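Report on the structure
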Amino acid sequence: MVGTEVVPPSLDRQTGVESKDVVISPETGVSARLYRRIGETRKKLPLLVYFHGGGFCVDTASSPRYHRYLNSLVAEANVVAVSVDYRRAPEYPVPVAYDDSWDVLQWVASHVGGKGPDEWLKNQLVDFGRVVFAGDSAGATIAHHMGLRVGAEGLSGVKLQGIVLVHPYFWGKEPIGGEVAEAEKKAKVDALWRFTFPATSGCDDPNINPATDPKLGSLGCGKVLVCVAEEDLLRDRGLYYRELLENSEWGGVVEVMETPGEGHVFHLDNPDGENAVAMLDRIVSFINWREP
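So, here's what we can say about the structure. Note that this is a predicted model, so its numbers are computed, not measured. (Residues numbered from 1 in each chain as written. Predicted model: local features only at pLDDT ≥ 70, side-chain atom pairs only at ≥ 80, totals over all residues. Heavy atoms only, no water.)

**Notes on the nonpolar core**
One finds Leu 47, Phe 56, Phe 133 and Val 224 to be the most contacted residues of the largest nonpolar core, which totals 64 residues. With eight residues, the single largest contributor to this core is helix 2 (residues 96-109). Of all hydrophobic cores here, the second largest spans 31 residues; its members include Ala 75, Leu 280, Val 284 and Phe 286. (Core = buried A, V, L, I, M, F, W, Y, C linked by side-chain atoms within 4.5 Å. Buried < 20%, exposed > 50% of the residue type's maximum accessible area, 1.4 Å probe, protein only. Helix = DSSP H or I, 4+ residues; strand = E, 2+ residues; numbered from the N terminus.)

**A few points about the pattern of salt bridges**
Going through the model one piece at a time under the given rule, you end up with 16 salt bridges. With a closest N to O distance of 2.6 Å, Arg 33 and Asp 21 form a salt bridge. In this pair, Arg 33 is assigned in strand 3 (residues 30-37) and Asp 21 in strand 2 (residues 17-25), connecting sequence segments twelve residues apart. Residue Asp 99 pairs with Arg 149 through a salt bridge whose shortest N-O separation is 4.0 Å. With Asp 99 in helix 2 and Arg 149 in helix 4 (residues 138-153), this residue pair connects regions lying 50 residues apart in the sequence. The exposure class of Arg 149 is partly exposed, given its relative accessible area of 27%. (Salt bridge = Lys/Arg side-chain N within 4 Å of Asp/Glu carboxyl O.)

**Quick notes on the packing of helix 1 (residues 64-77) against helix 8 (residues 274-287)**
Contact geometry of helix 1 with helix 8 gives a least axis separation of 9 Å together with a crossing angle of 50 degrees. Accordingly, the angle class assigned to the pair helix 1 and helix 8 is oblique. Of the two elements, helix 1 crosses helix 8, and the hand of that crossing is right-handed. Seen from helix 1, the contacting residues are Tyr 69, Ser 72, Leu 73, Glu 76 and Ala 77; seen from helix 8, they are Leu 280, Ile 283, Val 284 and Ile 287. Taken together, the residues of the contact of helix 1 with helix 8 sort by class into seven nonpolar, one polar and one charged. (Axes fitted to C-alpha atoms, helices over the stretch in contact; angles between N-to-C directions. Parallel < 35°, antiparallel > 145°, perpendicular 65-115°, else oblique. Left-handed = near helix turned anticlockwise from the far one by under 90°. Contact = heavy atoms within 4.5 Å. Nonpolar A, V, L, I, M, F, W, Y, C, P; charged D, E, K, R; others polar.)

Spatial relationships are all this shows, so hold off on functional conclusions.
Below is the structure:
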């Protein structure tokens, strides 16, 4: 079974990052893994909220490759991070992952002004005016939808500065770009979406296809970074997302980073590779950008 291995939170001596698990909702069991660099108390740090991938049905915040990646990202960006552990399909079909993620964001916002239950977030180490959402694959899809919800409903005391979408899992009924020549692969992705969301209206459901979402222009941040990979079946959807945002009423700035010769979430499988390091550096720069 893919994505079932887990590792405990720890002090990672290679990166100097410590982590811990917190239960957000005792009723649902939704939790998060928090990360911070040890000994960092001199200044307020940006807050990164990360949503793991796995097609809505595999992997968790405690999967070894996500734990390793968050350690590296937190160390390089010098941020406090909340890695969301939402419930997964098929036991909990989409949109449960979206609802769980929003619950975690509400919990995060409860710490504004030194309040809330968790010492790492309420001890004035976090700058809630510099919050970034990020995720890969299905996690990028969740990050996008959380950005839409922030734009529509707000998140009290929190300023969403930007969103990072790594190889986002967007889809659609009609094939585009390279999907045209990959009918078999497209059929598998179609089936995966229906497996994780049996009640869906199909692959043009706004939950997976931003082109059909009338709320697209309400994205609640001013900057988006979209990372795509040349050999990834989802590449063209990421590029199309940029076009959709630029032609919407949103009015923000979209950046795109394309990695040649790589496939879907390559950075998790080969985190020390040259291309993975380059993408990490780009994401770190995006997170640490300050509005003039």
